[in-house]
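Each chain, letter by letter, is given below.
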Amino acid sequence: MPDPSHYARRLREIADALDSEFQPTADALTPHPDTLDVIGNRHTKRGQLNYAVPEVLQLQRRIRRYHADTGVPHGDIVALAVDTWLRAKGYPPHPKPPGAEVP
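Definitions and cut-offs
- Residues numbered from 1 in each chain as written.
- Predicted model: local features only at pLDDT ≥ 70, side-chain atom pairs only at ≥ 80, totals over all residues.
- Heavy atoms only, no water.
- Helix = DSSP H or I, 4+ residues; strand = E, 2+ residues; numbered from the N terminus.
- Buried < 20%, exposed > 50% of the residue type's maximum accessible area, 1.4 Å probe, protein only.
- Contact = heavy atoms within 4.5 Å.
- Areas by Shrake-Rupley, 256 points an atom, 1.4 Å probe, with all protein chains shown as cover.
- Expected span 1.5 Å × (residues − 1).
- Salt bridge = Lys/Arg side-chain N within 4 Å of Asp/Glu carboxyl O.
- Patch = residues over 30% accessible without salt bridge, like charges linked within 9 Å, V, L, I, M, F, W, Y side chains within 5 Å.
- Axes fitted to C-alpha atoms, helices over the stretch in contact; angles between N-to-C directions.
- Parallel < 35°, antiparallel > 145°, perpendicular 65-115°, else oblique.
- Left-handed = near helix turned anticlockwise from the far one by under 90°.
- Nonpolar A, V, L, I, M, F, W, Y, C, P; charged D, E, K, R; others polar.

Peer 1: Would you mind going over the overall build of the chain with me for this structure?
Peer 2: When helices and strands are tallied, the chain shows four helices and zero strands. Element order for the chain, N to C, with α for helix and β for strand: α-α-α-α. The buried share among the 103 residues of the chain stands at 10%. Of the contacts formed within the chain by residues at least 6 apart in sequence, a portion of 60% connects residues at least 24 apart. As displayed, the chain offers around 8,900 Å² of accessible surface, 60% of which is attributable to carbon and sulfur atoms.

Written as structure tokens, this is what we have:
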């Protein structure tokens, strides 16, 4: 009799992938619950994100102002905005197996 564990593992991977897909909400700017969990965890490993952006958009000034008004850290503002936009465009993060880090 063949070993069914391969099939069970594949089904778990498919279920994880489906769980991570974007579920549209009434407000397109609502962050994904998984993203909020990651942002809320201060022990999450963080990396630097450096991109040249048009100065005319005044993104740095607006981020500083939003931080001053709300107390949300600069990195969290950027992470929430970029993650929400990428998910809305159909690019969710790859699901990770339990206990593994995604590069």
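Peer 1: Help me out: how do you make sense of helix α3 (residues 59-70) in this one?
Peer 2: The periodicity of an α-helix, 3.6 residues per turn, causes residues three or four places apart in sequence to face the same way. In a regular helix each residue adds 1.5 Å, so twelve residues correspond to 16 Å; α3 covers 16 Å between its end C-alpha atoms and thus fits that length. Directly beyond the C-terminal end of α3, a positive phi value near 85 degrees is found at Gly71.

Peer 1: Teacher, can you tell me more about the pattern of salt bridges here?
Peer 2: Any two side chains of opposite charge can pair, on the condition that their charged atoms come close. Going through the model one piece at a time under the given rule, you end up with five salt bridges. Residues Arg46 and Asp76 are paired through a salt bridge, measuring 2.9 Å at the closest nitrogen-oxygen approach. With a gap of 30 residues between them, Arg46 in the loop between α2 (33-40) and α3 and Asp76 in helix α4 (residues 74-88) connect regions that are remote in the sequence.

Peer 1: What exactly am I supposed to notice about the side chain of Asp76 here?
Peer 2: Under the relative-accessibility criterion, Asp76 is labelled buried at 3%. Setting aside anything within four residues of it in sequence, one finds Asp76 in contact with Ile39, Arg42 and Arg46.

Peer 1: How should I be thinking about unusual backbone geometry in this particular structure?
Peer 2: Glycine aside, residues mostly have negative phi angles, and peptide bonds mostly take the trans form. Positioned with a positive phi, Gln58 is a non-glycine residue whose angle comes to about 55 degrees. In this structure, Gln58 sits in the loop between α2 and α3. Residue class for Gln58 comes out partly exposed when judged on its relative accessible area of 40%.

Peer 1: Just checking my understanding: could you explain a nonpolar patch on the surface for this structure?
Peer 2: Together, Leu49, Tyr51, Val53, Val82, Trp85, Leu86 and Tyr91 give the surface a local cluster of nonpolar side chains, amounting to about 790 Å² of exposed area. Take Val53: it is sitting in the loop between α2 and α3. Exposure remark for Val53: the relative accessible area of 44% places this residue in the partly exposed category.

Peer 1: I would appreciate a short explanation of the packing of α3 against α4 in the present structure.
Peer 2: Helix packing geometry: the angle between the two helix axes and the distance between the axes. It is at 9 Å that the axes of α3 and α4 come closest, and there the two elements cross at 110 degrees. Classified by the interaxial angle, the pair formed by α3 and α4 is roughly perpendicular. Here α3 and α4 pass one another in a crossing that is right-handed. Between α3 and α4, the residues in contact are Ile63, Arg64, Tyr66 and His67 and His74, Ile77 and Val78, respectively. Considered class by class, the residues forming the contact of α3 with α4 number four nonpolar, two polar and one charged.

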